[in-house]
Amino acid sequence: MKTTTKNNPSAPLRALREYNKNLRVSARDKICYPKPNSSFNHSTHHSALSTQNSPKAFTLLELILIIVITAILAVVVVPNFFSGYSTVRTSVAIKQIADDIRFCREEAIATRKKCRIQFNTGSNSYTVYLDGTVMTHPVNQGNFVVDLGSDITLTAVSFSGDSLSFNKFGNPAQGGTITLNGSRYIIVEPETGTLDIQ
């Protein structure tokens, strides 16, 4: 009995299965799987990725350099900062005293009365009197008493009785020197009352 592919319904199915089998084998042969002894190492690859993604840290040498530089800046900059601040404060105090001396002289001329500044080296302060009475401060409207602060030292005053006074003509009773912080000076010229700041 002669059998043909046309009359046998299973023949095409077998042919299709055989084709698919051959196709799978061909595709599998083309895939390259890593060998057990391959140079590709999963742990090494993971470590490299972790290193790339992790933030950079300071080395011990870098930390030591930062500490040394910070210490040098602290030694050099900080003393200069405080020295500069002290210089500025002293200059401000000198300007204030000089302005108040000029104000006292002008008040003596304007009111035709004696105006006097009493310095107190113990408390770093001074008080302004007009005709024997404490004047009213032109700004704060309180007693004309000026406290120079703890960072300013009224080192010395060479006027007799630590008092500088002007008569009704604006002439000082005497000349003298006011010393601040041991190195800055306000010199009051006799007769004219002109100020020389050093």
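As the structure is a prediction and not an experimental result, all values here were calculated from the model.

**Details of the overall build of the protein**
Tallying secondary structure elements over the protein gives three helices and nine strands in all. Mapped from its N terminus to its C terminus, the protein presents α and β elements in the order α-α-α-β-β-β-β-β-β-β-β-β. In the protein, which comprises 198 residues, the share counted as buried stands at 21%. Contacts in the protein between residues at least 24 apart in sequence constitute 48% of all its contacts with a sequence separation of at least 6. In the structure as shown, the protein presents an accessible area of about 14,200 Å², 59% of it carried by carbon and sulfur atoms.

**Some remarks on the nonpolar core**
Counting 28 residues, the largest nonpolar core has Ile-97, Ile-101, Phe-119 and Ile-178 as the members making the most contacts within it. Counting only elements with at least two residues in this core, the list comes to helix H3 (60–111), strand E1 (115–120), strand E2 (125–130), strand E5 (154–157), strand E6 (163–166), strand E7 (176–180) and strand E8 (184–188). In terms of residue count, the dominant contributor to this core is H3 (seven residues). Excluding its chain neighbours within four sequence positions, the residues that come into contact with Phe-119 are Ile-97, Ser-125, Tyr-126, Leu-154, Val-157, Phe-159, Asp-162, Leu-164 and Ile-178.

**Observations regarding the confidence of the model for the protein**
On average, residues of the protein score 81 in pLDDT, and 70% of them are at 70 or above. Low pLDDT, under 50, characterises residues 1–6; the predicted model gives this stretch three contacts beyond four residues in sequence or across chains.

**Quick notes on unusual backbone geometry**
Of note, the phi angle at Asp-131 is positive, near 55 degrees, even though the residue is not glycine. Structurally, Asp-131 can be placed in the loop between E2 and strand E3 (133–134).

What counts, and at which threshold
- Residues numbered from 1 in each chain as written.
- Predicted model: local features only at pLDDT ≥ 70, side-chain atom pairs only at ≥ 80, totals over all residues.
- Heavy atoms only, no water.
- Helix = DSSP H or I, 4+ residues; strand = E, 2+ residues; numbered from the N terminus.
- Buried < 20%, exposed > 50% of the residue type's maximum accessible area, 1.4 Å probe, protein only.
- Contact = heavy atoms within 4.5 Å.
- Areas by Shrake-Rupley, 256 points an atom, 1.4 Å probe, with all protein chains shown as cover.
- Core = buried A, V, L, I, M, F, W, Y, C linked by side-chain atoms within 4.5 Å.
- pLDDT = per-residue confidence, 0-100.

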